[in-house]
Amino acid sequence: MASTLAEKVWADHVVRRGENGEPDLLYIDLQLLHEVTSPQAFDGLRQEGRTPRRLDQQLATEDHNTPTIDIDKPIADITSRTQIDTLRRNAEEFGVRIHSLGDKDQGIVHVVGPQLGLTMPGITVVCGDSHTSTHGAFGALAFGIGTSEVEHVLATQTLPLKPFKTMAITVNGSLKPGVTAKDIILAVIAKIGTGGGAGYVLEYRGEAIRELSMEGRMTICNMSIEAGARAGMIAPDETTFDYVKGRPHAPQGADWDEAVEYWRSLRTDEDATFDTEVVIEADELEPFVTWGTNPGQGLPLSAAVPAPEDFTDDTSKVAAENALRYMDLVPGTPLKDIRVDTVFMGSCTNGRIEDLRAFAETIRGRTKHPEVRVMVVPGSARVRLQAEQEGLDQEFLAFGAEWRQAGCSMCLGMNPDQLKPGERAASTSNRNFEGRQGKGGRTHLVSPVVAAATAVRGTLSSPSDLDGTAAPAAAPAA
Amino acid sequence: MEAFTTHTGVGVPLRRSNVDTDQIIPAVYLKRVTKTGFDDGLFHAWRTNDPDFVLNQPAYSSGSVLVAGADFGTGSSREHAVWALRDYGFAAVLSPRFADIFRGNAGKQGLVAAQLSQDDIEQIWKILEENPGTEITVDLAERQVHAGEAGAVFRFDIDDYTRWRLMEGLDDIGLTLRHEEDITAFEARRPSWMPKTLPARIAEG
Ligand code: SF4
C-alpha cells in the first residue's frame, strides 16, 4: 500500500500492533534529556528499582537553566542549580552520557543531537521538550513527551502511542532573496493557525523546501509544534546525507552505504494520500514577523498592525484585542515603525552556525542602533567555537553585540537572560507568548536577517531596508 | 506499583466539594526535582492554617481512605497532587465525581479513585464522624466499600481497564514490560548503524 514518509517511519518502529483500540507499541531510537523535565523520571525509576534499558540510546545535556556568562562560577539561582546538579547526579548514578556546562558538546538538546550525527533519517527521537520536532528535518519521526513518558522510555525504550494523522505542506517555487526558512514557517503558522496542526505530522515538501539547507529545514520543523502539530518531517535527500556524513556518530564505511540505501526509500509514495494538504507559493512570501502573543499572529513585514475588526471570528477578534493591549500596539502602525529595545539572536530555532553567519553578513560594515541591546547566543558550545574560528565573534563584538555562551537563554528566560517589564524584543526564537522572555516582556518573532537589520535600524526591518546604509564591503557590485 | 485488591484503613471525611489540585498541593512544590516526599505539601494551606481541618485531628491523621465531596482534583493537571496523596499514605479516594485528568493520573500511580453516589458519600461521612478513627475497607475486586460496625456496604464505579491494571499492579511501564520479548526481538532486528550514544564519540578539536 502506498504510504507517506511518516507512515513508513512509524511502520518500521512498531514493536507490537495494538489490538481492540489499544495503542501501538513504538520503538524509540534516541532519547535526549535535559535538566528540567527529567528529574521525576529518574526518581520514578529509582522508586520502582528499575534501570534504563538502553543507556546507549540516551544523551543528556544542560541547556534550559544554564547561565550564558560566567559559566565557570556556581549558578546563582538556587532552583536552576538544583535542577542541574540533579541531572548530573542522575546521569552519574544511572550511567547516562552527559555534556555539562563547559563541555565542548554542551548546548541546546536540539542543536547537539544533529551536530553529533546522532539524529539521522528514519529514526524515532523523543525528548521532554516540545521542540523535539526539530529533528524531523532529517526525515526522523521526532516529538516531545511528558515526564512520565520520559520515564517510560528510560525503562522500556518504547512508548504506547496511537498513529498520528498526516498533513502535506507543499511550498512551490523558490524564495526571493532575503526571505528565509523562518519566514516560510511563520507564514505557514499564520495560515493554518496555532491549532491547525493538532494531531498531525506535517510533511514539508516542494521545491522551496528541497532548496533549503539542513539548518533551514530544522528551523521549519522546529516550529511545527507552534502550529499545534505532533511533529514535522522532511524527506531526506543529498542535502541531508551530506550534512550527516562524517559526523562523530554517523555510520561509516559499508554501514554508511547500507544506511543511505535505506534512507533513499524514505519518501512519500507518489500515490500516497495525506489526511490534509496545504499549498504555499514561495515567491509570494516576504520577510514575516509576529505582531501578537502567539506565533500564528504574524504578517509580512511590509504590513501594518491589524485591528481586531479585521478578524471575522470572535475568538480571533478577542485574541487580537488582548494581544494588542499586551504588546502595546496601535492598529494601523506600520510594522516597520515598531521600535525594539533588544534583539535576541539564538535558540534551537535559529542558533546554528548558518544562522549566525546570516546575521553576521547582514550587519557587516554597518553600525548598531545605539539604543538597541543585541544578544548573540550560540545554540551549542561547538557553534560558538566554530563562529570564533570564522571570526564572527569579533564582528559581533565590534558591532556592539553581546557574545554569550551556549544555551536556551532568552528564548524562555529561565536563566537571568530576561526582558524587563515593558521591554520589546525582536527574537529569532519560536514563542512570543506573554511573559515568555521575561515578565511583561514583548516579543516579535523574526528571522536572523530581520533580527540583524532591526539591530541596525532600531525598528523592525528587513535587509532590503538597509540599502544605502552599508559600507561597500557588504554590497557586491551589480 | 503494588497490586491492589482490598485495602482497609482509617476513613477521613473531607466535607468539601471542588477540591482543586492547587488546594491538594500548591504550586511552590512543583519546583522540586523528586517524585516522592510530597506528603508535607498535601493540603498545605488547610493543614497549616486550620486547626480543625480533618487531618489535624488525631483520630484521622493516620487515615488512608479519603472520602471527599464532588469534583475532586479539578484545575491544573499536576501529577504532584496524586504523588502528595500517595506519599501521605492514602490508598484510595472516594468521591461522587472526579476531574478527568486527576482520575487518569491516579490510575497511573496506583491510587484508587472510586466513584460513589452523593447519598452514599454522605452516609459514609456520618459513619466516620460518629466514630472518628473508624476503618473502612475498599474492595476493588467486588467494587465495594465496607464501613462501620453495622457492616454497611456501598457499591462504587471505576472503569474496567483501570481496575484491571490496579489489580494486576501494573503501571504503564509494567504493562509495556509484559511485552519485553517483543522489544528484545525488535532490537535484534535493528541495523547495527542505528544511532548509539555510547561509547561517546566527539568531533576532533
Ligand atoms: S531554545 Fe527555547 S524552544 Fe529551544 S529548547 Fe530551549 S527553551 Fe525550548
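Residues numbered from 1 in each chain as written. Chains lettered and ligands numbered in written order. Predicted model: local features only at pLDDT ≥ 70, side-chain atom pairs only at ≥ 80, totals over all residues. Heavy atoms only, no water.

Explain the overall build of chain A residue by residue, including any values.
When you go through chain A residue by residue, the secondary structure sums to 16 helices and 19 strands. By the compact-globule yardstick of 23 Å for 478 residues, chain A fits well, its C-alpha radius of gyration being 22 Å. Principal-axis analysis of the C-alpha atoms places the extent of chain A at approximately 60 × 55 × 50 Å. In chain A, the proportion of contacts linking residues at least 24 apart, taken out of those at least 6 apart, comes to 75%. For chain A, the exposed surface amounts to about 16,900 Å²; the carbon and sulfur share of it is 49%. In chain A, 46 side chains carry a positive charge and 67 a negative one; their mean positions are 4 Å apart. (Helix = DSSP H or I, 4+ residues; strand = E, 2+ residues; numbered from the N terminus. Rg over C-alpha atoms; globule rule 2.2 N^0.38 Å. Contact = heavy atoms within 4.5 Å. Areas by Shrake-Rupley, 256 points an atom, 1.4 Å probe, with all protein chains shown as cover. Lys, Arg positive; Asp, Glu negative; His and termini not counted. Charge placed at Lys NZ, Arg CZ, Asp CG, Glu CD.)

Run through the domain arrangement of chain A, naming residues and quoting values.
All names here are of chain A. Taken domain by domain, chain A holds domain 1 (5–277) and domain 2 (288–466). The partner domain 2 presents 41 residues to the 42 residues of domain 1 that form the contact. Across the interface of domain 1 and domain 2, roughly 3,300 Å² is buried in total on both sides, 60% from carbon and sulfur atoms. When the area that domain 1 buries against domain 2 is broken down by residue, the three leading residues are T68, I108 and K182, summing to 19%. The interface formed by domain 1 and domain 2 contains two salt bridges. Across the pair D105 and R382 runs a salt bridge whose closest N-O atoms are separated by 3.1 Å. Viewed at the interface, domain 2 and domain 1 are joined by 25 residue pairs in polar contact (both at pLDDT 80 or more). Among the elements of the structure, α3 (78–94), α4 (109–115), α6 (181–192) and α8 (214–222) are those that each provide at least two residues to the side of domain 1 that touches domain 2. A per-element tally of the side of domain 1 that touches domain 2 places α6 first, with six residues. (Domains from an automatic or database assignment. Buried area = accessible area lost by both parts, 1.4 Å probe. Salt bridge = Lys/Arg side-chain N within 4 Å of Asp/Glu carboxyl O. Polar contact = N/O pair within 3.5 Å; in protein donor to acceptor, adjacent residues only side chain to side chain.)

Mind laying out the nonpolar core, listing which residues take part and the relevant values?
Counting residues in hydrophobic clusters, the biggest one holds 135 residues, and the most contacted among them are L141(A), W263(A), F359(A) and F396(A). If you tally residues by element for this core, the top one is α6(A), at eight residues. Counting residues in hydrophobic clusters, the runner-up holds 31 residues, among them L42(B), F53(B), A68(B) and A84(B). (Core = buried A, V, L, I, M, F, W, Y, C linked by side-chain atoms within 4.5 Å. Buried < 20%, exposed > 50% of the residue type's maximum accessible area, 1.4 Å probe, protein only.)

Tell me about the site of the ligand, residues and numbers included.
All names here are of chain A. Around the ligand, the neighbouring residues are H64, I108, H110, D129, H131, S347, C348, C408, C411, L412, N430 and R436. Of the residues in the shell around the ligand, the class split is five nonpolar, five polar and two charged. Both domains that furnish three or more residues to the shell around the ligand are identified here as domain 1 (5–277) and domain 2 (288–466). (Near = heavy atom within 4 Å. Nonpolar A, V, L, I, M, F, W, Y, C, P; charged D, E, K, R; others polar.)

Let's hear about the packing of aromatic side chains: which residues, and what values?
Any pair of aromatic rings gets described here by the distance separating the centres and the angle formed by the planes. What the rule picks out here adds up to 21 aromatic pairs over all chains. Arranged with centres 5.5 Å apart and planes meeting at 65 degrees, the rings of F138(A) and Y243(A) form a pair that is edge-to-face. In this pair, F138(A) sits in the loop between β6 (124–127) and β7 (141–144) while Y243(A) sits in helix α9 (residues 238–244), placing the two residues 105 residues apart along the sequence. The buried category is assigned to F138(A), whose relative accessible area is 0%. One aromatic cluster in this structure is built from F241(A), W256(A), Y262(A), W263(A) and W193(B). (Phe/Tyr/Trp six-rings, centres within 6.5 Å; stacked < 30°, edge-to-face > 60°.)

Talk me through the interface of chain A and chain B; I want residue IDs and the actual numbers.
Contacts between chain A and chain B engage 55 residues on the former and 41 residues on the latter. Between chain A and chain B, the buried area comes to about 4,000 Å², and carbon and sulfur atoms account for 56% of it. If you sort the residues of chain A by the area they bury against chain B, Q40(A), R53(A) and D56(A) come out on top, with a joint share of 15%. Along the contact surface separating chain A from chain B lie seven salt bridges. Here E187(B) makes a salt bridge to R54(A), at a shortest N to O gap of 3.4 Å. At the boundary of chain A with chain B, the tally comes to 27 residue pairs in polar contact (both at pLDDT 80 or more).

Account for the pattern of salt bridges, naming residues and giving values.
All names here are of chain A. Counted according to the given criterion, the structure contains 39 salt bridges over all chains. Between R17 and D24 there is a salt bridge, and its shortest N-O distance comes to 3.0 Å. On the accessibility criterion, D24 (6% relative accessible area) is buried. The residue R357 makes a salt bridge to E390 at a minimum N-O spacing of 2.7 Å. Taken as a pair, R357 in helix α13 (residues 353–363) and E390 in the loop between α14 (381–389) and α15 (392–399) lie far apart in primary sequence, 33 residues in all.

Describe in detail the layout of surface pockets, supporting the description with residues and values.
In this model, the largest pocket occupies a volume close to 1,000 Å³. Mapped by element, the contributors of at least two residues to the lining of the largest pocket are α2 (39–48), α5 (147–156) and β8 (158–161) of chain A together with β1 (6–14), α3 (80–88), α4 (100–109) and α7 (172–177) of chain B. A per-element tally of the lining of the largest pocket places α5(A) first, with five residues. Class assignment for the residues of the lining of the largest pocket results in 13 nonpolar, 17 polar and 11 charged. (1 Å grid on protein atoms, 1.4 Å probe; cavity = no way out; pocket = protein on both sides within 12 Å on 5 of 7 lines; lining within 4 Å. Points joined across faces, edges and corners; volume = space filled by probe spheres on them.)

Would you mind going over the state of the cysteines in detail, with residue names and values included?
Enumeration over the complete set of coordinates arrives at zero disulfides over all chains. Unpaired in terms of disulfides, C221(A) finds its nearest cysteine sulfur in C348(A), a separation of 12 Å. (Disulfide = S-S within 2.5 Å.)

So what's going on with the confidence of the model for chain B? Which residues, and what values?
Do not read the fine detail of predicted coordinates wherever pLDDT is low. For chain B, the average pLDDT comes to 93, and 100% of its residues sit at 70 or higher. Interface confidence in the predicted complex, given as ipTM, is 0.93; pTM for the same model is 0.89. (pLDDT = per-residue confidence, 0-100.)

Describe in detail the sheet that holds strand β6 (residues 144–147) of chain B, supporting the description with residues and values.
Residues and elements named next belong to chain B. What the seven strands build is an open sheet, ordered β4-β3-β2-β1-β5-β6-β7; its pairing is mixed. Single-partner strands in this sheet number two, and they are β4 (112–115) and β7 (152–155). Within this sheet the neighbouring strands show an average axis-to-axis angle of 30 degrees, counted without direction. (Pairing = 2+ DSSP bridges. Axes fitted to C-alpha atoms, helices over the stretch in contact; angles between N-to-C directions.)

Mind laying out the sheet that holds strand β10 (residues 200–205) of chain A, listing which residues take part and the relevant values?
Residues and elements named next belong to chain A. If you walk across this open sheet you meet the four strands as β11-β10-β9-β12, and the pairing is parallel. The sheet is open, and its two edges are formed by β11 (231–233) and β12 (276–281), each paired on a single side. Ignoring strand direction, the axes of neighbouring strands in this sheet form an average angle of 20 degrees. Both strand β9 (residues 165–172) and β10 contribute to a ladder of six bridges, which runs parallel. Bridging from a neighbouring strand, I169 pairs with Y204 of β10.

Break down the pairing of strand β15 (residues 342–345) of chain A for me, with residues and values.
All names here are of chain A. The two faces of β15 match: T342 and F344 on one face and V343 and M345 on the other face are all buried. Of the strand pairs in this sheet, β15 and strand β16 (residues 373–376) are connected by four bridges, and their pairing is parallel. Directly across from T342, in β16, lies its bridge partner R373. Pairing of β15 with strand β18 (residues 424–427), which is carried by three bridges, proceeds in the parallel orientation. Counterpart to V343 in the pairing with β18 is A426.

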